Amino acid sequence: IAPVMVCIIILTLITLYMLGDMYWHIAYYRVLWIACWACPTGTIIRWKLSSLNGKYQLPLGTFLANFIGSILSASLAAWATIESDHQGAQRWEIPIIKAVSLGVAGSLSTVSTFAKECVEMSEKNATHDKKQFLYAYGTMISCCFVGLAVYSPIVRYVS
C-alpha cells in the first residue's frame, strides 16, 4: 500500500472517531481520536531510546522504554482515578488522561520488541540463558514494582 493511501486511511479513522465523539457523544471515541494524535510522541521517544540497544550487554533502550511507559501509565491511571471522584468524566479531563495513557504510554512501551530480544538472547548462546532470564524477569518485576510504587501513594494520599 502506498504511503498516501495509509495516510488517507488513518485520517479517515480519526475523522470517524471524532464524529463518534461529537455527533453521537460516545466518550470512548474521544479517547481514541485524542490517542491517535498523541501516539507519535511515545513512538518518537521509543525510537530515540532504541539507539541505546547495541551499546550495552542488555537492551537498555527497550528496558527504559518499558520502564518509563510503566511510570507514565501508572501515574495517569492514578490521576484518572482521582479525577473520576471529581466528576472529570463529564468534562474532558478523564478522556484526555486515558488518551495520553493509551497513546503515549502505549506506543512507548513495547512487548513485541521485548519478546524478540529475549528470544534472540537465548538463541545466540546457551550461556546467555541466565542473562536472558535475568533481563526478562528483571524487566517485568521492576516495571510492576515501579507501577505500584507510583500508583499506590497517589491514589492513597491524594484522593
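Residues numbered from 1 in each chain as written. Predicted model: local features only at pLDDT ≥ 70, side-chain atom pairs only at ≥ 80, totals over all residues. Heavy atoms only, no water.

Engineer: Could you clarify how one ought to interpret the overall build of the chain in this entry?
Structural biologist: Counting its regular elements, the chain contains six helices and zero strands. Secondary structure of the chain in N-to-C order comes out as α-α-α-α-α-α. Projecting the C-alpha coordinates of the chain onto the three principal axes gives extents of approximately 60 × 50 × 20 Å. Working note: accessible area of the chain is about 10100 Å², and carbon and sulfur atoms make up 70% of it. Of the side chains in the chain, 11 bear a positive and 8 a negative charge, and the two mean positions are spaced by 6 Å. (Helix = DSSP H or I, 4+ residues; strand = E, 2+ residues; numbered from the N terminus. Areas by Shrake-Rupley, 256 points an atom, 1.4 Å probe, with all protein chains shown as cover. Lys, Arg positive; Asp, Glu negative; His and termini not counted. Charge placed at Lys NZ, Arg CZ, Asp CG, Glu CD.)

Engineer: Would you explain the pattern of salt bridges in this entry?
Structural biologist: It is possible for side chains of opposite charge to pair when their charged atoms get near one another. Under the definition given, this model contains two salt bridges. A salt bridge links Glu-120 to Lys-116; its shortest N-O distance comes to 3.4 Å. Remark: Lys-116 and Glu-120 occur in helix α5 (residues 111-124); sequence separation between them is four residues, near one turn of the helix. Judged by relative accessible area, Lys-116 falls into the partly exposed class, the value being 43%. (Salt bridge = Lys/Arg side-chain N within 4 Å of Asp/Glu carboxyl O. Buried < 20%, exposed > 50% of the residue type's maximum accessible area, 1.4 Å probe, protein only.)

Engineer: Is there a simple way to explain the packing of α5 against helix α6 (residues 129-158) in this structure?
Structural biologist: The description of two packed helices rests on the angle between their axes and on the distance between the axes. α6 packs onto α5 with a crossing angle of 160° between their chain directions and a minimal axis gap of 8 Å. Classed by the angle they form, the pair α5 and α6 counts as roughly antiparallel. Remark: the crossing between α5 and α6 carries left-handed chirality. Contact with α5, carried on its side by Phe-114, Glu-117, Cys-118, Met-121 and Ser-122, involves Asp-129, Lys-131, Gln-132, Tyr-135, Ala-136, Thr-139 and Met-140 of α6 and no other residues of that element. (Axes fitted to C-alpha atoms, helices over the stretch in contact; angles between N-to-C directions. Parallel < 35°, antiparallel > 145°, perpendicular 65-115°, else oblique. Left-handed = near helix turned anticlockwise from the far one by under 90°. Contact = heavy atoms within 4.5 Å.)

Engineer: Would you mind going over the nonpolar core with me for this structure?
Structural biologist: When a protein is soluble and globular, its nonpolar side chains tend to lie buried together. By size, the foremost hydrophobic cluster in this structure holds six residues: Ile-14, Val-31, Trp-33, Ile-34, Ala-35 and Ala-99. Of all the elements, helix α2 (residues 27-49) adds the most residues to this core, at four residues. Among the nonpolar cores identified, the runner-up in size contains five residues, and Cys-118, Met-121, Tyr-135 and Ala-136 belong to it. (Core = buried A, V, L, I, M, F, W, Y, C linked by side-chain atoms within 4.5 Å.)

Engineer: Sorry if this is basic, but what is going on with unusual backbone geometry here?
Structural biologist: Among all residues except glycine, the phi angle is most often negative; among peptide bonds, the trans geometry is most common. Positive phi, normally seen in glycine, also occurs at His-25, with a value near 60°. By secondary structure assignment, the location of His-25 is in the loop between α1 (3-22) and α2. Residue His-25 is classed as exposed on the basis of its relative accessible area, which comes to 63%.

Engineer: Would you mind showing me how to read the packing of aromatic side chains here?
Structural biologist: Given two aromatic rings, one states the distance between the centres and the angle between the planes to describe the pair. Tallying each qualifying case throughout the model produces seven aromatic pairs. A centroid spacing of 6.2 Å and a plane angle of 80° characterise the contact between Trp-33 and Trp-92, whose relative ring orientation is edge-to-face. Of this pair, Trp-33 sits in helix α2 while Trp-92 sits in the loop between α3 (60-85) and α4 (93-108), placing them 59 residues apart in sequence. Residue classification places Trp-92 among the partly exposed residues on the basis of a relative accessible area of 38%. Centroid distance Phe-63 to Phe-67: 5.6 Å. Interplanar angle 25°. Geometry classified as stacked. With Phe-63 and Phe-67 both in helix α3, this residue pair falls four residues apart, about one helical turn. Judged by relative accessible area, Phe-63 falls into the partly exposed class, the value being 22%. In textbook terms, an aromatic cluster arises when at least three aromatic residues are bridged by ring pairs, as seen for Tyr-17, Tyr-28 and Tyr-29. Stacked on the ring of Trp-92, the Lys or Arg Arg-30 has its end atom at 4.0 Å from the ring centre. (Phe/Tyr/Trp six-rings, centres within 6.5 Å; stacked < 30°, edge-to-face > 60°. Lys NZ or Arg CZ within 6 Å of the ring centre and 35° of its normal.)

These results come straight from atomic positions and should not be treated as a statement about function.
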